[in-house]
Amino acid sequence: MPLLLACVLLCGCAAVRGPYVKRNIERDLATVDPGTLTVACDFASPPMDFVDSDGQRRGFEYELVSEVADRLSLDLEFVQCAGIEGVDSAVAGRTADMGAAAISLGAFDGALDDLVAGAPYMTVGRDVVVPRDRPFKGVEQLNDPACTVVVQGGSPNEEWVRETLPRATVVPVEDAVAGLTGVANGTYSAAVYDDVSATYLLNSMFGTLMVGHCQDDVSRYCFAFSSEDPAVREAVDEVLSALEEDGFVASLEAKWFGSPLS
């Protein structure tokens, strides 16, 4: 269960604004639960998907998937899972139609035999987050057995840290907030997260931390689908294309990230 975010989060409070012309996609889909789009999610990656201090599910992906279901004239049901592995298992085991958990397209390079990737909907960078009050001379400083680097388990950032900093101690966690909390209190030396999550959390919760190193355009996010049901994937991809064209995605990006992403 992800940590509840404080109610002082500033982003994501405004409504999604147009103008955009809503276009529904008519499809007869054999979903896991007829008439319902069932989505597996870990709700552990703000601002993509998370549970706020009032127990409400929120986030960019949460709202994007909600709109997808609406455009397909389907009800929406979420299955909350433990980590990305739990999301993958739910989709592969056909207890969910799709997975939404800030999943990287690179995760599908032969590693997930029972799953297929949908069309990428966002490109993100990589941030190395460190305390403001400690000297930081560069990433190579972390390549030391005495350094602990926290990442979200199963993410491309975990693979990057293990390859780039082979001498560092890598600590995978399921919850993005828990990782940064550990950096802030001195439990970990640094965290490596996608730039969207890092920027959001540093601005809203972790003012004592800063980005010490960044890389642009290193990963693309997508949804995960069962390889046994291409119809659902094709329908969702068609809706995502329509949402891009009519401006909904740009409005949602402005709401959660401050401006549309390039």
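Note that residues are indexed from 1 along each chain, following the sequence as it is written. It should be noted that, the model being predicted, local features are given only for residues of pLDDT at least 70 and side-chain atom pairs only at 80 or more, the latter also being counted only at that level, while totals for whole chains, interfaces and linings use all residues. Side-chain metrics rest on all non-hydrogen atoms present in the structure, leaving aside hydrogens and water.

> I'd like a description of the packing of aromatic side chains, backed by residues and values.
Each Phe, Tyr or Trp ring (for Trp, its six-membered ring) is paired with any other whose centre lies within 6.5 Å, and the angle between the two planes then decides the class: stacked below 30 degrees, edge-to-face above 60, tilted in between. Under the definition given, this model contains nine aromatic pairs. On the numbers, 5.1 Å between centres and 35° between planes, the contact of phenylalanine 60 with phenylalanine 257 is tilted. Residue phenylalanine 60 is found in helix 1 (residues 60-71), and its partner phenylalanine 257 is found in helix 7 (residues 248-257); the two are separated by 197 residues along the sequence. Helix and strand assignments come from DSSP, with helices taken as H or I runs of at least 4 residues and strands as E runs of at least 2, each series counted from the N terminus.

> Just give me the short version of the packing of helix 1 against helix 6 (residues 230-246), but keep the residues and values in it.
Between helix 1 and helix 6, whose axes approach to 10 Å, the crossing angle comes to 110°. Compared by their axis directions, helix 1 and helix 6 come out roughly perpendicular. Two secondary-structure elements touch here, helix 1 through Leu64, Glu67, Val68 and Arg71 and helix 6 through Val236, Val239, Leu240, Leu243 and Asp246. For the contact of helix 1 with helix 6, a count of residues per class yields six nonpolar, no polar and three charged. For helices, the fitted axis covers only the stretch in contact; all axes are lines through C-alpha atoms, and the angles between them, taken along N-to-C directions, range from 0 to 180 degrees. Angle categories are assigned with fixed cut-offs, so that under 35 degrees is roughly parallel, over 145 is roughly antiparallel, 65 to 115 is roughly perpendicular, and the rest are oblique. Here, residues are in contact when the closest pair of their heavy atoms is within 4.5 Å. Ten residue types, Ala, Val, Leu, Ile, Met, Phe, Trp, Tyr, Cys and Pro, are classed as nonpolar, four, Asp, Glu, Lys and Arg, as charged, and the remainder, Gly among them, as polar.

> Outline the packing of helix 1 against helix 7, listing residues and values.
Two numbers describe how helix 1 lies on helix 7: the axes approach to 10 Å, and their chain directions differ by 155°. The angle between helix 1 and helix 7 falls in the class roughly antiparallel. The handedness of the crossing between helix 1 and helix 7 comes out as right-handed. Within the contact between the two elements, helix 1 uses Phe60, Glu63, Leu64, Glu67 and Arg71 and helix 7 uses Phe248, Val249, Leu252, Glu253, Lys255, Trp256 and Phe257. Here the residues of the contact of helix 1 with helix 7 are counted per class, giving seven nonpolar, no polar and five charged. Handedness of each helix crossing follows the sense of rotation of the near helix against the far helix: counterclockwise by less than a right angle gives left-handed, clockwise gives right-handed.

> Requested: an account of helix 7, with residues and values cited.
Note on classification: 1.4 Å probe, protein chains only; a residue is buried when its accessible area is under 20% of the maximum for its type, exposed when over 50%, partly exposed between these limits. By the criterion of burial, helix 7 is predominantly enclosed, with eight of the 10 residues buried. Every buried residue of helix 7 is listed here: Phe248, Val249, Ser251, Leu252, Glu253, Lys255, Trp256 and Phe257. For helix 7, the secondary structure elements touched by its buried residues are strand 2 (50-51), strand 3 (57-58), helix 1, strand 7 (122-131), helix 5 (195-204) and helix 6. Glycine 258 lies just past helix 7 and shows a positive phi near 95°.

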